[in-house]
Amino acid sequence: LMQSGLFTEMVLLDVVQEKAEGEAMDIMHGTALMNPMRIYAGTYDDIADAAVIVVTAGAAQKPGETRLDLIHKNISILGSIMAEIRKRSCQGIMLVVSNPVDILTYYAAKTSGMPENRVFGSGTVLDTARLRTLLGTKLDVDSRSIHAVIVGEHGDSEIVCWSNANVSGVPLADFFALRGMGDQDLTAAEKEIGDDVKNSAYQIIQKKRATYYGIAMSVRRICSAIVKDEKSVLPVSTVMHGAYGISDCALSTPAIVGRNGVEGLVPVTMSEKEREELLSSAKVLKQNMEGIDFGC
Ligand SMILES: NC(=O)C1=CN([C@@H]2O[C@H](COP(=O)(O)OP(=O)(O)OC[C@H]3O[C@@H](n4cnc5c(N)ncnc54)[C@H](O)[C@@H]3O)[C@@H](O)[C@H]2O)C=CC1
Ligand SMILES: CC(=O)C(=O)O
């Protein structure tokens, strides 16, 4: 975020105050080489007037753990954070990143005291970036020209919407043909790339303990949409109220993101199978939400 030039001030909070102080010092030293910006370790009072509050606090996956394994630890941590947020009338946007991001987003939306459109999660923005990167590599084309989206849980039940994936409007099958590949190659690539995306975090955590660059770029992308009021269509995690037949949980579907947070969902065309898988993903999330007090 320091490198983005989007902000003039950034305050870091961590339950381990010294960690926030050390990080603030380290990042601040780069401002002389990048963008002028005030960076410091602070308190909840300092974030009351923040344009964007990015929640990244909490336990991270250890090798072999799923995101859903973190639920009870991180709901408890989020509970203490939301209690502080509720005491202050925060006017900005809350972007939840901690995992399991969909369940924590739902929790934050219900307990922060902030309007629902201003509380959402990074969702499958990162997964979608991974998908576009891998597809771009496979097709030897700029990944920014790939239009494809992942919906559902940011996790093992996520769904690639293959049925509407395209390269600048050219259907995927036609672009595969352009590159001398046939239907069988496409089917194999869908399986291989879908699995690779789903397993990316597991692989990175196994190799280097945590993922951080991809998610940092995803957060930067979302913050840009907010701060510059871009009204970008991004697959962020939002509380569902009946779209696609889903309610009472948060998950990712394409949404318009701007200064007011999530300004509306954009219905994505899906095959019958993808639609069913999206419903199953919602079911997985709801099963894991059982027994949690969402204060509603
Ligand atoms: N949504 C996504 O795509 C991604 C989500 N994550 C998630 O982000 C979270 C953080 O991951 P990392 O930064 O790798 O972990 P980390 O362990 O490096 O940092 C977490 C920090 O949270 C702090 N913390 C714990 N309780 C707190 C509290 N009550 N108030 C303030 N700070 C508190 C810890 O002291 C620690 O410094 C994890 O849940 C991880 O799964 C990480 C990468 C991608
Ligand atoms: C950790 C995590 O959620 C990710 O990198 O996708």
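Basis of the calculations
- Residues numbered from 1 in each chain as written.
- Chains lettered and ligands numbered in written order.
- Predicted model: local features only at pLDDT ≥ 70, side-chain atom pairs only at ≥ 80, totals over all residues.
- Heavy atoms only, no water.
- Near = heavy atom within 4 Å.
- Polar contact = N/O pair within 3.5 Å; in protein donor to acceptor, adjacent residues only side chain to side chain.
- Areas by Shrake-Rupley, 256 points an atom, 1.4 Å probe, with all protein chains shown as cover.
- Nonpolar A, V, L, I, M, F, W, Y, C, P; charged D, E, K, R; others polar.
- Pairing = 2+ DSSP bridges.
- Helix = DSSP H or I, 4+ residues; strand = E, 2+ residues; numbered from the N terminus.
- Axes fitted to C-alpha atoms, helices over the stretch in contact; angles between N-to-C directions.
- Contact = heavy atoms within 4.5 Å.
- UniProt positions renumbered as here; feature names shortened; annotations may be inferred.
- Expected span 1.5 Å × (residues − 1).
- Buried < 20%, exposed > 50% of the residue type's maximum accessible area, 1.4 Å probe, protein only.
- Core = buried A, V, L, I, M, F, W, Y, C linked by side-chain atoms within 4.5 Å.
- Phe/Tyr/Trp six-rings, centres within 6.5 Å; stacked < 30°, edge-to-face > 60°.
- Lys NZ or Arg CZ within 6 Å of the ring centre and 35° of its normal.

Concerning the site of ligand 2
(1) Moving on: As a structural note, the neighbourhood of ligand 2 is formed by Q61, R67, N99, L126, R130, H154, A201 and T211.
(2) Moving on: In this structure, an oxygen atom belonging to ligand 2 sits 2.7 Å away from a side-chain N or O atom of H154.
(3) Moving on: A distance of 2.7 Å is found between an oxygen atom of ligand 2 and a side-chain nitrogen or oxygen belonging to T211.
(4) Moving on: In isolation ligand 2 has 220 Å² of accessible area, and contact with the protein removes 89% of it.
(5) Moving on: Looking at side-chain class alone, the shell around ligand 2 contains 2 nonpolar, 4 polar and 2 charged residues.

A few points about the sheet that holds strand β11 (residues 232-234)
(1) Moving on: Across the sheet, which stays open at both edges, the 3 strands sit in the order β11-β14-β15 with antiparallel pairing between neighbours. Edge strands, defined here as strands with exactly one partner in the open sheet, are β11 and β15 (261-265). Pairwise comparison of adjacent strand axes, ignoring direction, gives a mean angle of 40° for this sheet.
(2) Moving on: Two elements, β11 and strand β14 (residues 255-258), share 3 bridges in a ladder whose sense is antiparallel. Bridging across to β14, S232 finds its partner in V257.
(3) Moving on: Helix α8 (residues 213-227) contacts β11 and β14 of the sheet and is inclined by roughly 145° relative to β11.

Quick look at the sheet that holds strand β6 (residues 146-147)
(1) Moving on: With antiparallel pairing, 3 strands are arranged side by side in an open sheet as β6-β9-β10. Bordering the open sheet on either side are β6 and β10 (170-171), each of which pairs with just one other strand.
(2) Moving on: Here 2 bridges tie β6 to strand β9 (residues 166-167), and the two strands are oriented antiparallel to one another. Considered in β9, the bridge of I146 is made with V167.

Focus on the site of ligand 1
(1) Moving on: Close to ligand 1 lie 23 residues; D14, K19, A59, V97 and N99 are nearest.
(2) Moving on: D14 is positioned with one of its side-chain polar atoms (N or O) 2.5 Å from an oxygen atom of ligand 1.
(3) Moving on: Compared with its free state, where it exposes 860 Å², ligand 1 has 78% of that area covered by protein.
(4) Moving on: Among the elements that make up the shell around ligand 1, the one with the highest residue count is helix α3 (residues 71-87) (4 residues).
(5) Moving on: Here the shell around ligand 1 is composed, by residue class, of 12 nonpolar, 9 polar and 2 charged.

Description of the UniProt feature "modified residue: Phosphotyrosine" (unreviewed entry) in the chain
(1) Moving on: The feature "modified residue: Phosphotyrosine" (unreviewed entry), as given by UniProt, occupies Y202 in the numbering adopted here.
(2) Moving on: Position of Y202 among the secondary structure elements: in helix α7 (residues 183-208).
(3) Moving on: With sequence-adjacent residues up to four places away left out, Y202 is seen in contact with Q61, E65, T66 and D156.

Observations concerning the side chain of S232
(1) Moving on: Assignment of secondary structure puts S232 in strand β11.
(2) Moving on: Within the local environment of S232, its side chain forms a polar contact with the side chain of R221, the two groups lying 3.0 Å apart.
(3) Moving on: Dropping the residues within four chain positions of it, S232 is found in contact with R221, A225, A255, I256 and V257.

Notes on α8
For an α-helix the count is 3.6 residues per turn, leaving residues at separations of three or four pointing the same way.
(1) Moving on: Between the first and last C-alpha of α8 there are 21 Å, a value that for 15 residues agrees with the 21 Å anticipated at 1.5 Å per step.
(2) Moving on: Regarding α8, the residues found buried are I215, S218, V219, I222, C223, S224, A225 and I226.
(3) Moving on: In this fold, the buried residues of α8 make contact with β3 (52-55), β4 (93-96), β5 (119-121), α5 (125-139), β11 and β14.
(4) Moving on: Positive backbone phi, at 50°, marks D229, one or two positions downstream of α8.

So, the nonpolar core
(1) Moving on: By size, the foremost hydrophobic cluster in this structure holds 44 residues, and its most contacted members are I85, M94, I103, I246, L251 and L278.
(2) Moving on: Listed by contribution, the elements that provide at least two residues to this core are β3, α3, β4, α4 (101-111), β12 (237-241), β13 (247-252) and α9 (272-289).
(3) Moving on: Tallying contributions element by element places α4 first for this core, with 7 residues.
(4) Moving on: Among all residues touching I103, those that are not within four sequence positions of it are L68, I71, I75, L285, N288, M289, I292 and F294.
(5) Moving on: I215, V219, L234 and A255 belong to the second-largest nonpolar core, a separate cluster that totals 27 residues.

Some words on the packing of aromatic side chains
(1) Moving on: In this structure the tally under the stated criterion is 3 aromatic pairs.
(2) Moving on: Taking 5.0 Å as the distance between ring centres and 75° as the angle between the ring planes, the aromatic pair formed by Y106 and F294 counts as edge-to-face. Note that Y106 is positioned in helix α4 and F294 in the segment after α9, a separation of 188 residues in sequence. Like F294, Y106 is buried.
(3) Moving on: Aromatic rings pair up to connect Y106, Y107 and F294 into one cluster.
(4) Moving on: Geometry around Y212 places K208 over its ring, the cationic atom sitting 3.8 Å from the centre.

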